[in-house]
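This is what each chain is made of:
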Amino acid sequence: MASLSSTARARSAELYDRVKRVIPPPEWATFAEDVDAILELKRSRNAVVLAHNYQTPEIFHGVADIVGDSLLLAREATKVDADIIVLAGVHFMAETAKLLNPEKTVLIPDLAAGCSLADSITAQDVRLMRQRYPGVPVVTYVNTSSAVKAESDICCTSGNALKVVESLGVERVIMLPDEYLAQNIAAQTNVKIIAWKGHCEVHELFTASDVRQLRENHPDVTILAHPECPPEVVAEADFSGSTAAMSDFVGQKRPPRVVLLTECSMSDNVSVLHPDVEFIRPCNLCPHMKRITLKNIRHALETGQHEVTIDPAIAVSARRAVERMLAI
Ligand code: 13P
Ligand code: SF4
């Protein structure tokens, strides 16, 4: 902090005011210099930071230009005017941004920021599913590699999965790779859904007995669950939706006490926006999302590492699947 100019100190104080409920002052003191360096680098490099809702508050509220769920990040990526996009999120999100911006530089601060869902399926697996169910369209969750997207008819996110499935006007779809998302969507539609066995390592940990325990301990609590949670968890929750839908629910309904059954940083980020709502916090950390830090965002902007590239042989088909989704 001591090394900051007086203008930077004033800017830092203003930013801190936003996050003071979730970041203690000594912790902010360790962030302030990197936050300021990133703000400066964004200006000098004509860069923007797109951050997912699971990023920590100093990233989400401190340096991000655009924040949201995977659908919003994909949509907003099509509108970016800057030369460089830094994706503060996981690798498939950076790949999606690159697919939609082939001419721009897309950076991911840590190449190892993966996803258990993306790791659960390969392009060859999709080809085998097509052989097994000839003629059945493949709807692929964005939480997959570009190679898997390239084998798919259309992508979806947790925010639009039902709409995408029903838009196809068919009796059966293959929905990959999240088994629980597929089951949660199947419960809302007459379309028959053939699922894969992928799971999110963060959301699969929540159980129906957690939900019951929460209700016992906090009788007036409103429970929101991400649709990557097992179906029995979603069935006992009061609402299920994408990270953006959960955030909107809290903003619109203003429940006095709420639990977000999802990644831990969600509650921090949303609580900053709604100080009147009490957040009960059983949550699970996504180790992949947590690989992104202020330090490696700064490093990415300083060095241009790590640039996301996509094999041109798969980029066209993968882009088509994402663009078909965005057109809905
Ligand atoms: P959202 O699209 O709801 O933000 O979810 C992305 C994700 O990775 C959830 O685990
Ligand atoms: Fe993947 Fe789950 Fe982490 Fe989301 S929370 S990035 S689905 S591992």
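Summarised in this report is the structure supplied together with it. Keep in mind the model is a prediction, meaning the values are calculated, not measured. (Residues numbered from 1 in each chain as written. Chains lettered and ligands numbered in written order. Predicted model: local features only at pLDDT ≥ 70, side-chain atom pairs only at ≥ 80, totals over all residues. Heavy atoms only, no water.)

1. Remarks on the pattern of salt bridges
Line of reasoning, step 1. Scanning all chains against the criterion turns up 20 salt bridges.
Line of reasoning, step 2. A salt bridge links Arg127 to Glu151, with the shortest nitrogen-to-oxygen separation between them at 2.8 Å. With Arg127 in helix H6 (residues 123-132) and Glu151 in the loop between helix H7 (146-150) and strand S6 (154-156), this residue pair connects regions lying 24 residues apart in the sequence.
Line of reasoning, step 3. The partner of Arg257 in a salt bridge is Glu278, and the shortest N-O contact between them spans 2.7 Å. Note that Arg257 is positioned in strand S11 (residues 257-261) and Glu278 in strand S12 (residues 278-280), a separation of 21 residues in sequence.
Line of reasoning, step 4. Through salt bridges that share partners, Glu33, Asp34, Lys295, Arg298 and Glu302 make up one connected network. (Salt bridge = Lys/Arg side-chain N within 4 Å of Asp/Glu carboxyl O. Helix = DSSP H or I, 4+ residues; strand = E, 2+ residues; numbered from the N terminus.)

2. Here's the deal with the environment of Ile280
Line of reasoning, step 1. As for its position among the elements, Ile280 is in strand S12.
Line of reasoning, step 2. Accessibility expressed as a relative area gives 11% for Ile280, which makes it buried.
Line of reasoning, step 3. Between the C-alpha atoms of Ile280 and Leu214, which are 66 residues apart in sequence, the distance is 8.9 Å.
Line of reasoning, step 4. With residues up to four places along the chain from it excluded, the contact list for Ile280 reads Leu214, His218, Val221, Arg257, Val258 and Val259. (Buried < 20%, exposed > 50% of the residue type's maximum accessible area, 1.4 Å probe, protein only. Contact = heavy atoms within 4.5 Å.)

3. Examining the state of the cysteines
Line of reasoning, step 1. For the coordinates displayed, the defined rule picks out one disulfide.
Line of reasoning, step 2. The disulfide that involves Cys264 links it to Cys283, with 2.2 Å between the sulfurs. An S-S torsion of about 95° defines the bridge between Cys264 and Cys283 as right-handed. Of this pair, Cys264 sits in helix H13 (residues 264-273) while Cys283 sits in the loop between S12 and helix H14 (294-303), placing them 19 residues apart in sequence.
Line of reasoning, step 3. This cysteine, Cys156, is not joined by any disulfide, and Cys155 carries the nearest cysteine sulfur, 7.4 Å off. (Disulfide = S-S within 2.5 Å.)

4. Thoughts on the side chain of Asp34
Line of reasoning, step 1. Relative to the assigned elements, Asp34 resides in helix H2 (residues 25-45).
Line of reasoning, step 2. With relative accessibility at 5%, the residue Asp34 sits in the buried group.
Line of reasoning, step 3. There is a polar contact of 2.5 Å between the side chain of Asp34 and the side chain of Lys295.
Line of reasoning, step 4. Setting aside chain neighbours within four positions, we find Asp34 in contact with Leu294, Lys295 and Arg298. (Polar contact = N/O pair within 3.5 Å; in protein donor to acceptor, adjacent residues only side chain to side chain.)

5. Notes on the site of ligand 1
Line of reasoning, step 1. His52, Tyr54, Asp69, Ser70, Asn143, Ser158, His203, His226, Glu228, Ser242 and Thr243 make up every residue found near ligand 1.
Line of reasoning, step 2. In this structure, an oxygen atom belonging to ligand 1 sits 3.5 Å away from a side-chain N or O atom of Tyr54.
Line of reasoning, step 3. Residue His226 places a side-chain N or O atom 2.8 Å away from an oxygen atom belonging to ligand 1.
Line of reasoning, step 4. Protein contacts shield 96% of the accessible area of ligand 1, which totals 300 Å² for the unbound molecule.
Line of reasoning, step 5. Taken together, the residues of the shell around ligand 1 sort by class into one nonpolar, eight polar and two charged. (Near = heavy atom within 4 Å. Areas by Shrake-Rupley, 256 points an atom, 1.4 Å probe, with all protein chains shown as cover. Nonpolar A, V, L, I, M, F, W, Y, C, P; charged D, E, K, R; others polar.)

6. What to know about the site of ligand 2
Line of reasoning, step 1. Every residue near ligand 2 is listed here: Tyr54, Val90, Cys115, Ser116, Leu117, Asn143, Cys200, Val202, Glu228, Cys286, His288 and Met289.
Line of reasoning, step 2. Among the residues forming the shell around ligand 2, the class breakdown is eight nonpolar, three polar and one charged.

7. Thoughts on the environment of Gly198
Line of reasoning, step 1. Within the secondary structure layout, Gly198 lies in the loop between strand S8 (192-195) and helix H10 (208-217).
Line of reasoning, step 2. We classify Gly198 as buried; its relative accessible area is 1%.
Line of reasoning, step 3. Taking the C-alpha atoms as reference points, Gly198 and Ala118, separated by 80 residues in sequence, lie 8.3 Å from one another.
Line of reasoning, step 4. When residues no more than four places from it in sequence are discounted, the contact partners of Gly198 are Leu117, Ser120, Pro177, Asp178 and Glu179.

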